[in-house]
Amino acid sequence: MRRFLHGLTLLLILILTLKPTPAVQAVTSFQTSEAQAVLDSMTPEERVGQLFLVTFKGTDIHDQTGIYDLIANHHVGGVVLQAANDNFLPQPDTLSSAHQLTAALQRVEAGAARTSENNPEPNDNTYVPLFIGISQEGDGAPHDQILNGLTPLPNLMAIGATWRTDLAQQVGEVMGRELSALGFNLYLGPSLDVVEEPNPSARIDLGPRVFGGDPFWVGEMGKAYIAGLHSGSDNRMMVIAKHFPGRGASDRSPEEEVATVRKPLEQLQQVELIPFVAVTNATQPGELVDGLLVSHIRYQGFQGNIRATTRPVSLDVAALTAILDLQEFTTWRRNGGLVVSDALGSQAVRDFYSQSGENFLPRSVARDAFQAGNDLLYLGNITSDEPQSDTYTSTVEILDFFAQQYEEDRSFAQLVDAAVLRILTQKLRMYGDFTLANVLAPESGLENIGTSQEVVSEVARNAATLINPSREELTTLLPAPPGQSDRIVFLTDTSEFKQCTTCLWEPGLAVDALQRKILQLYGQTGSGQVFTSRLNSFSLEELESMLNGESQTDIESMLAGANWIVISLTQVGDRQVPLLQRFFSERPNLIRNRNVILFSFTAPYYLDPTDITKLTAYYALYSKQPAFVEVAARLLFERQQITLRGASPVSIPAVGYDLIEATSPDKNQVIPLALDQAVEEVTPTAESGTVLPETPRASPTVTPIPLYRIGDTIAVRAGPIADHNQNVVPDGTPVRFIMSTTDENGEIQELMDATTVNGVARASFAITRPGQVEIRVISEPAFISTFIQFKASNEGAVVTFIAPSPQVTPTIQATPTVTPTPVPTSQLITLEGRPLVGMWLIVMIAVLGGALLMFWAVSRIVSPRWGVRWALLVFLGGLAAYNYLALNLPGAANWIATSSGAFGVLLLTFAGEVIGSLGAWIWMQLISGPESREG
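The rules behind each value
- Residues numbered from 1 in each chain as written.
- Predicted model: local features only at pLDDT ≥ 70, side-chain atom pairs only at ≥ 80, totals over all residues.
- Heavy atoms only, no water.
- Pairing = 2+ DSSP bridges.
- Helix = DSSP H or I, 4+ residues; strand = E, 2+ residues; numbered from the N terminus.
- Axes fitted to C-alpha atoms, helices over the stretch in contact; angles between N-to-C directions.
- Disulfide = S-S within 2.5 Å.
- Buried < 20%, exposed > 50% of the residue type's maximum accessible area, 1.4 Å probe, protein only.
- Phe/Tyr/Trp six-rings, centres within 6.5 Å; stacked < 30°, edge-to-face > 60°.
- Lys NZ or Arg CZ within 6 Å of the ring centre and 35° of its normal.
- Patch = residues over 30% accessible without salt bridge, like charges linked within 9 Å, V, L, I, M, F, W, Y side chains within 5 Å.
- Areas by Shrake-Rupley, 256 points an atom, 1.4 Å probe, with all protein chains shown as cover.
- Salt bridge = Lys/Arg side-chain N within 4 Å of Asp/Glu carboxyl O.

Draft legend 1. Region of interest: the sheet that holds strand 15 (residues 535–539). Strands sit in the order 11-18-17-16-12-15 across an open sheet of 6 strands; the sheet is mixed. Lying at the two open borders of the sheet, with one neighbouring strand each, are strand 11 (465–468) and strand 15. In this sheet, neighbouring strand axes are inclined to one another by 20° on average, regardless of whether the strands run parallel or antiparallel. Sheet analysis places strand 12 (residues 488–492) next to strand 16 (residues 564–569), joined by 5 bridges and oriented parallel. In the sheet register, Thr492 faces strand 16, and the bridge partner there is Ser568.

Below, the structure written as structure tokens:
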């Protein structure tokens, strides 16, 4: 027994000391205690160094370079690599050189931990791995740093247009796996900004760099993407969501100028902060974000005073503290969540200090950002105003200043220690223990990079959206795809980018990219539907030269002879849309009687209504990666065989597509209503991402249990409730439950309001009196739901479910445009099913019209006296039928719901008139005498 207990004790100790598995994202107390031990072994200079993320130029890190000194002698916390700093080499060496560079940076720190100027004695305990960060947003240049070699992943808006969280997670997994294989362990992203109201006229907007405009869905997509980054990297990736607290309403780039947004904190909580709350309060550990990158953005009226404007929130201690002290962030912060500043060396921060009359001193800027509440300070390419200043000397100045402050100011030292403890804890969460062998990414991981195109193709197929016209209208406008005799001209918005300053120029989207893909699929090597000689491609620059009378090509003659003009937009600035507007207005003869197709490989809201009227079809693809170009080609030639599943994740004012309306409950659905018992629920899953309402059954079904008696409580749930795009409605959608109890004394109704979670709302009612009980639910503008019925008594009764047929069967629309009915039921029928005043007027007109018509007919056939009698009975019959509904007598509300609302009211009124006519006919037949025989 003693040996058994001894063995059991050793087993328990072993289990408790095992490193958490990669699936565990939360920081443990063990990691915190280990971090404290590492912190205690560090010198003040080493502690201060952990606060900083730095940059450098080139790929050389020998012992005479500035970056070597910053790592070896100042022990900076991390390095961010950028294409603009020439940190990456051109193809074919881009990936191999990046892997070698990240490994070399880690080796510099590992070697310096043993002997350095500040720590000449060997000291393995103070080796702390570097954060090596990158901002790789997808869609290639200009927001990717590595332009070749990796899987060509899409931007966030393309993912958002699929409305599928499983695809967001899969893209995140690919990104996490490939960046981790290169040695990166810090990901600056994803963006959780909400584009609530697109502003195409802004100097610069976020465009397709965001998931969308609904805060709930941005949060859901963000959680899934973050979970993918963690699982793909084997949980060795620090994910820093940006741009906290949200800059979707800003009108300029924070890299160029500090934007000012007029919004109080309360309003930020309703929209901008919701996605950040979602990823800092996620219930699944993998979905929990590790840090938040604070943007340089100012708020007017932030704390109620509309005349007061904050400093950039990243530098404003009062504003940032007010946000981080919100209850939604306190637990995440207490558990080690990091706050990271945006680049402090940006032109926007520099201009802010100069415009406010302050000198731009790098050390002062860094101090302001740290004291505002940032743990990790991303310096970027920071320099002072001195003529000979560079990033290295400015960074050293900051580090020396912080080290001095640490020695002289105890409160400052405490702030540093607290921030460094959080940083060390997160690094331990990734690696468990600090050894170089544990940190370096093995070279074998490079073999699987760039091999996940299937995921991108799946996103492309599910994101494609027909913006205008509707699918039915397009079938009429374009009954057939291009044929062999058709001539097609492609006009492409092209931009060129470089991997480095000495690298060759590369196109973001080649001028003939779509033409080449079409020839591959439908040319002589494909299906043979087109001939190469009948296809021509030109850039928008060549179109502009034609409009200016300076063309050196045959673009005008090609356009004049074309049957199809296909336009591709990849980015929209001050040039592209005005150029197209010039083309449409100055040369209408070149687009008249031609099929003009526009593919937007960027955000879909830049064109105005007039622009769109010039187009035969307007598609949004969102991303310019090769898989999306292929989908565009297939839409041109195989449109009728393709089911478009995408829907814009942002509002498009030009076509009347409003995101709030699109994500509201679909009025043509039957809301499922069921008992809220311990059964498996249908919720959004990683496989589907969306939930559709179940098809209602034609006949009532009876559940065998339970029995409900007076004194019991009946719990019910409604949903999943679908929006107009056939996804589940956002969390917080209002739902009203209605329980009606009818006995000999009349009807009593009890209302209960609730909101949805994962598309489902719940409520419970106490059964307090005998009678016929009916429970139904509405979620405006959806008024039809399954009914729950039973007879309440002391003996108990089983429940009956009745699912009425909806007015229109809900289907997945090819276009997100919602067409309202001419007379909405909601304007004629109350929430409880009773007719409104507007309905009364319509009924009175119908009843009087029927009575007058009957008077005219009977007066001509029989006599005026009988005409009056017939008219009177018709009037009374119709009025009686209407009053049956207006007084909400038993069965009235059910009649309205099951007979399409207002239409049902008129139908029953007409039935009453028919009964009145029948009564008049019987009356006339029963009366004998001369009067009855007149006529």
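Draft legend 2. Representation of the state of the cysteines. Tallied over the entire structure, the rule returns 1 disulfide. Here Cys500 is linked by a disulfide to Cys503, with a sulfur-sulfur distance of 1.9 Å. Measuring handedness by torsion sign, the sulfur bridge of Cys500 and Cys503 sits at about 90° and is right-handed. On the basis of relative accessible area, Cys500 is assigned to the buried category, the value being 6%. Overall, Cys503 belongs to the buried group, its relative accessible area being 6%.

Draft legend 3. A look at the packing of aromatic side chains. Throughout the structure, instances matching the rule amount to 19 aromatic pairs. Measuring from centroid to centroid gives 5.5 Å for Phe216 and Trp217, while their planes differ by 75°, and the two rings are edge-to-face. The pair formed by Phe216 and Trp217 is uniform in burial state, with each residue classed as buried. Arranged with centres 5.9 Å apart and planes meeting at 35°, the rings of Tyr299 and Phe302 form a pair that is tilted. Feature note: the residues Phe52, Phe370, Phe401, Phe402 and Phe412 constitute an aromatic cluster, connected by ring pairs. Above the plane of the ring of Phe131 lies Lys427, whose end atom (NZ or CZ) is 4.5 Å from the centre. The positively charged end of Arg869 is found above the aromatic ring belonging to Trp866, 4.5 Å away from the centroid.

Draft legend 4. Main features of a nonpolar patch on the surface. A contiguous nonpolar patch, built from Leu918, Trp921, Ile922 and Leu926 and spanning about 440 Å² of accessible area, is present on the exposed surface. One can find Leu926 in helix 30 (residues 902–926). Judged by relative accessible area, Leu926 falls into the exposed class, the value being 68%.

Draft legend 5. Local environment of the pattern of salt bridges. One pass over the full model with this rule turns up 27 salt bridges. Glu272 is the salt-bridge partner of Lys263, the closest N and O atoms lying 2.4 Å from each other. Here Arg461 makes a salt bridge to Glu458, at a shortest N to O gap of 2.6 Å. Of the two residues, Arg461 and Glu458 both sit in helix 18 (residues 453–463), 3 residues apart, roughly one turn of that helix. Each of Arg164, Asp166, Glu458 and Arg461 takes part in one network of salt bridges that share partners.

The quantities given are spatial measurements derived from coordinates; they are silent on function.
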